[in-house]
Amino acid sequence: MSGSDEHGTAIEVEAIRQGITPFRLSTRNHRVIKRLLKAMNVNFSNYTRTENKVHIQFVRGFYNQIESNGYIYDRVLKLPYCEFDRRFLPDRFVEGECPYCHFPKARGDQCDNCSRVLDPTDLINPYCVICHRTPVIRESRHWFFDLPKLEGPLKEYVESNKNFPDNARNFSLSWLKEGLKPRSLTRDNRWGIPAPFKGAEGKTIYVWMEAVLGYVSATKEWTKKNGRPGLWKKFWLDPKSRNIHFIGKDNIPFHTIVFPGLLMASGDSYNLPWQVSSTEFFLFDGEKFSKSRGIGVWMDEALELESSEYWRYALMSLRPELKDTNFTLEEFERKVNTELNDVVGNFVHRTLSFIQTNFDGKVPEFDPLVESASIATINSYRKRVAKSLEDYRLKEGIENVVDLAREGNRYLNDREPWRKIKTDKHAAAQALGTAVQFLAAIGDLVYPFLPETSKKIRASISRRGIPDWSPSTLGFVKPGTRIRSLAPLFHKVSSKDLRDKLDRIRTRKPVEA
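One structure accompanies this document, and this report is about it.

The rules behind each value
- Residues numbered from 1 in each chain as written.
- Predicted model: local features only at pLDDT ≥ 70, side-chain atom pairs only at ≥ 80, totals over all residues.
- Heavy atoms only, no water.
- Helix = DSSP H or I, 4+ residues; strand = E, 2+ residues; numbered from the N terminus.
- Buried < 20%, exposed > 50% of the residue type's maximum accessible area, 1.4 Å probe, protein only.
- Contact = heavy atoms within 4.5 Å.
- Areas by Shrake-Rupley, 256 points an atom, 1.4 Å probe, with all protein chains shown as cover.
- Lys, Arg positive; Asp, Glu negative; His and termini not counted.
- Charge placed at Lys NZ, Arg CZ, Asp CG, Glu CD.
- Axes fitted to C-alpha atoms, helices over the stretch in contact; angles between N-to-C directions.
- Parallel < 35°, antiparallel > 145°, perpendicular 65-115°, else oblique.
- Nonpolar A, V, L, I, M, F, W, Y, C, P; charged D, E, K, R; others polar.
- 1 Å grid on protein atoms, 1.4 Å probe; cavity = no way out; pocket = protein on both sides within 12 Å on 5 of 7 lines; lining within 4 Å.
- Points joined across faces, edges and corners; volume = space filled by probe spheres on them.
- Salt bridge = Lys/Arg side-chain N within 4 Å of Asp/Glu carboxyl O.
- Pairing = 2+ DSSP bridges.
- Polar contact = N/O pair within 3.5 Å; in protein donor to acceptor, adjacent residues only side chain to side chain.

What about the overall build of the chain?
Link 1 in the chain: The secondary structure content of the chain amounts to 18 helices and 15 strands.
Link 2 in the chain: Projected onto the principal axes, the alpha-carbon positions of the chain cover approximately 90 × 55 × 40 Å.
Link 3 in the chain: Buried residues in the chain amount to 49% of all 513 residues.
Link 4 in the chain: In the chain, once contacts between residues fewer than 6 apart in sequence are set aside, the share between residues at least 24 apart is 72%.
Link 5 in the chain: For the chain, the exposed surface amounts to about 25400 Å²; the carbon and sulfur share of it is 50%.
Link 6 in the chain: With 80 positive and 65 negative side-chain charges, the chain shows a separation of 4 Å between the mean positions of the two kinds.

Given below as structure tokens:
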């Protein structure tokens, strides 16, 4: 379950700049995101959007429920107001000088330079981003989620959840140690879910406080589309169910504190996040990604540079699971050339081409009992990859697949079937029959990471569909199985050529701010 988080001031401000409605802008972006996810072979049971009836109705009903449970209160705030545009200026509607690092274009919710979280009234020399006039200060009533009331239960939840990675647990405990603060629930902007509270007419729910509820509403939407509207309760209320979240570390507190707190406040027996697989930061050439400064590679650009399989491999093999990772096109070149091409591609190509040339395109007769050590190695890698995925270690998982290909290459180098075929065809057959078992395992295990590569490898040994990972099958390829010809899986890349091509792409279509 996932979706486009489309409400809030960022979309509204950009829509005003483009002279279109926020709905039109977010709909356009949602379609682009879905197209790019499909092109990258990223599949969801339900990739939805927050501007949909199921989500809106669920959020409004949910907040009415926790208000009746005593977890919401209101108070008057003093906020910047633009007299020219006749509107309050929340979050992205106001910019000014950061009071900490003095960056001149800090936003009303955060400074992009020093990453400090800000309130609009913190800014020095603030101005309206629409008309660039200086705002005045006016009073406005707003609603808050009383998160401190849940500090005890949340502390117990975080401390007792042994599944959290260290960064999620430590970040959450740090928040709890400092003392939880009420969370702002409403904003004076027009693009969002209308706040359901009495007296909150004209206000919307703050985007961060409604987007996290999308995990539940997306499940409700999916089960409704599938004709089983009550099934969502099995996923969110049945204690046997587990919900697992994949996020970056800057989103940790919203998934380990705020979202669980909201679920607790409802009074219903929701399953709290069982695991939050939170990565460290991913840098580009040593800097934070920045669209406005052109730092990074965007998905549409990436797909023009190379196919999705290359990016899937590089990104998952560099996934910052334990520490911040620096991505460079030079590292992309190394990953593709020395691992994907030289290890995986080379092993698959040499195995299949040798069988095609010397055994009439069929797996030769061989005795697996003689190769018990090699078969045991293959099966051990099957277990390793499965364990990596069960532990949400995607980087470790794909590294194990590549290591299995290394074992396959090592096996062929030791057995030298290209020599044996001249003097002992039986020994060569034994080697190639075993090598195909390595190849089959690679085809099965690489499927979650590189689905197109998996399909090609499996098709070469006359297999179709999704691989069966059950222990009873073990993917054994029988002698006599027809081997189908397969073009080289990968080609080498050049970081210099990629940079030159990226420059040409951006000259043709500049990166938008």
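Here's the deal with the packing of helix H11 (residues 308-317) against helix H12 (residues 329-358)
In helix packing, the relevant descriptors are the interaxial angle and the interaxial distance, both defined with respect to the helix axes.
Link 1 in the chain: Running from N to C, H11 and H12 point in directions that differ by 105°, and their axes come no closer than 10 Å. Between H11 and H12, the angle falls in the class roughly perpendicular. Across the interface between the two elements, Tyr310, Trp311, Tyr313, Ala314 and Ser317 of H11 pack against Leu329, Phe332, Lys335, Val336, Glu339 and Leu340 of H12.
Link 2 in the chain: For the contact of H11 with H12, the per-class residue count stands at eight nonpolar, one polar and two charged.

Considering unusual backbone geometry
Link 1 in the chain: Located in the positive-phi region is His132, a residue other than glycine, with phi close to 65°.
Link 2 in the chain: Accessibility expressed as a relative area gives 55% for His132, which makes it exposed.
Link 3 in the chain: Within the chain, Glu416 stands out as a residue other than glycine whose phi angle is a positive 45°.
Link 4 in the chain: Checked against the element boundaries, Glu416 lands in the loop between helix H14 (394-415) and helix H15 (417-423).
Link 5 in the chain: The exposure class of Glu416 is partly exposed, given its relative accessible area of 29%.

Thoughts on empty space enclosed by the protein
Link 1 in the chain: For the structure on display, the rule yields one cavity of 30 Å³ or more.
Link 2 in the chain: Of the pockets and cavities examined, the largest cavity occupies roughly 40 Å³.
Link 3 in the chain: For the lining of the largest cavity, the class distribution of residues is four nonpolar, five polar and two charged.

A few points about the pattern of salt bridges
Link 1 in the chain: Applying the stated rule across the entire model yields 32 salt bridges.
Link 2 in the chain: Where Glu12 meets Arg87, a salt bridge forms, and the shortest distance between an N and an O atom there is 2.8 Å. Here the residue Glu12 occupies a position in helix H1 (residues 9-18), and Arg87 occupies one in strand S4 (residues 87-88), the gap between them amounting to 75 residues. As far as the burial class goes, Glu12 and Arg87 line up, both buried.
Link 3 in the chain: Because the salt bridges share partners, they merge into one network encompassing Arg92, Arg107, Asp109 and Asp112.

Observations concerning the layout of surface pockets
A probe matching the size of a water molecule, rolled over the atoms, marks out where space remains unfilled.
Link 1 in the chain: Computed from the structure, the second largest pocket encloses a volume of approximately 280 Å³.
Link 2 in the chain: Secondary structure elements with two or more residues in the lining of the second largest pocket: helix H5 (166-178) and strand S13 (275-279).
Link 3 in the chain: Ranked by the residues each element gives to the lining of the second largest pocket, the list is headed by S13, at four residues.
Link 4 in the chain: For the lining of the second largest pocket, the class distribution of residues is five nonpolar, six polar and seven charged.

Things to note about the sheet that holds strand S8 (residues 136-145)
The strands making up a sheet are joined through hydrogen bonds of the backbone, oriented either antiparallel or parallel.
Link 1 in the chain: Strand order in the open sheet formed by four strands is S4-S3-S8-S9, and the pairing between neighbours is antiparallel. Each edge of the open sheet carries a strand with a single partner, namely S4 and strand S9 (183-184).
Link 2 in the chain: Pairing between strand S3 (residues 72-82) and S8: 10 bridges, direction antiparallel. Counterpart to Asp74 in the pairing with S8 is Trp143.

Focus: the environment of Gln18
Link 1 in the chain: Structurally, Gln18 is set in helix H1.
Link 2 in the chain: Within the structure, Gln18 has its side chain in polar contact with the side chain of Glu14 (distance 2.9 Å).

A short note on the pairing of strand S5 (residues 94-97)
Link 1 in the chain: Bridge count for S5 against strand S7 (residues 124-128) is three bridges, and the pairing is antiparallel. Bridging across to S7, Val94 finds its partner in Cys128.
Link 2 in the chain: Looking at chain direction, S5 and strand S6 (residues 106-107) are connected through two bridges and run antiparallel. Within S6, the residue paired with Glu95 across the bridge is Arg107.

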